[in-house]
Amino acid sequence: MTSTRVGLIVPSSNTTMETEIPAMLRAREEIRPERFTFHSSRMRMQQVTPEQLRDMDDQSLRCARELADAEVDVMAYACLVAIMARATGYHRESQRRLAEIAEGTPVVSSAGALVEGLEHLGAKKISVIAPYMKPLTQTVCDYIEAEGVEVHDSISLEVPDNLAVGRLDPAQLVDIAAKVDTSGVDALVLSACVQMPSLPVVEQIQNAFDIPVVTASVATVWKTLRELGLDPVAPRAGWLLADRG
């Protein structure tokens, strides 16, 4: 069987995207016939600051060129805050620019995937957990609100070092999710960052809530599968990827 090649555009200090996204698609292989391989190109970034995020985003076109050489079937640009820190609605511009380089290969961004995933869920009001410093979390919230979704409450873990974000214990999200105010909201964004680990507890936290629990990584996989024309399901990844068939 021919495998689908998934290209990953990755911040150089990201250690989570290349574990959680493959883990979800490997789990999907338990219930669907498609198989996947993963191919990365990296953009330099160490500190989650507006300056480093902007410089990193400028490298994304090079990454798209490199992944195009591998003839991947889809490209996923997974640094949500790098997109959202540029300008409201910038995921559309970023995806357009990358698609031009990719010469017809579908391009997904975590920022766009989260926005579209929330729209798919019909979410009009959400709460958000993010690892960023408070000003960057506010930038993310403002970006989401510009897309027509109200952010009711947010929690910032205030970890500026991207490697340190990747070392956060996902088990702590169980308590954090219990502290964020979700009264009257339509969905909880458990991790608004593909570097903050969350997959090990997504299903546990989903089972504790009667609203969808999503993450930037989950949304990226959901959108990636849709762009490939595949059934957007994966086990143990929360509401958005649940198999309701």
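Relevant structure appears above.
Conventions we followed
- Residues numbered from 1 in each chain as written.
- Predicted model: local features only at pLDDT ≥ 70, side-chain atom pairs only at ≥ 80, totals over all residues.
- Heavy atoms only, no water.
- Pairing = 2+ DSSP bridges.
- Helix = DSSP H or I, 4+ residues; strand = E, 2+ residues; numbered from the N terminus.
- Axes fitted to C-alpha atoms, helices over the stretch in contact; angles between N-to-C directions.
- Expected span 1.5 Å × (residues − 1).
- Buried < 20%, exposed > 50% of the residue type's maximum accessible area, 1.4 Å probe, protein only.
- Arc of directions from axis to C-beta.
- Contact = heavy atoms within 4.5 Å.

**Side note on the sheet that holds strand β5 (residues 125–130)**
In space, the 4 strands of this open sheet follow the order β6-β5-β7-β8, with parallel pairing throughout. The open sheet is flanked by β6 (150–156) and β8 (213–215), the only strands paired with a single partner. Across the sheet, the axes of successive neighbouring strands diverge by a mean angle of 20°, strand direction being ignored. Relative to β6, β5 runs parallel, the two being bridged by 6 bridges. Looking across to β6, one finds that S127 is bridged to D153.

**Comments concerning helix α7 (residues 134–146)**
Over its 13 residues, α7 extends 18 Å from the first C-alpha to the last, a length consistent with the 18 Å expected when each residue adds 1.5 Å. Within the sequence span of α7, burial applies to L136, T137, V140, C141, Y143 and I144. Each buried residue of α7 sits inside an arc of 160° when the element is viewed along its axis, so together they form one side. Every exposed residue of α7 that faces more than 90 degrees away from the buried side is listed here: K134, P135 and A146. Elements that come into contact with the buried residues of α7 comprise α2 (50–57), α4 (80–84), α5 (90–102), α6 (110–120), β5 and β6. Positioned one or two residues after α7, G148 has a phi angle of 95°, which is positive.

**A few points about the environment of L118**
With respect to the helices and strands, L118 occurs in helix α6. L118 gets classed as buried once you look at its relative accessible area, which sits at 1%. Sequence separation between L118 and A242 is 124 residues, and the spatial gap between their C-alpha atoms is 15 Å. Residues within four places of L118 in sequence aside, it is in contact with A123, I126, I144, A187, V189 and V214.

**A short note on helix α9 (residues 172–179)**
Those residues of α9 that sit buried are L173, I176 and A177. Along the axis of α9, the buried positions cluster into a sector of 100°, meaning they face one direction only. Away from the buried face of α9 by more than 90 degrees, exposed residues D175, A178 and K179 are located. Lining the buried residues of α9 we find β5, β6, β7 (187–191) and α10 (199–208).

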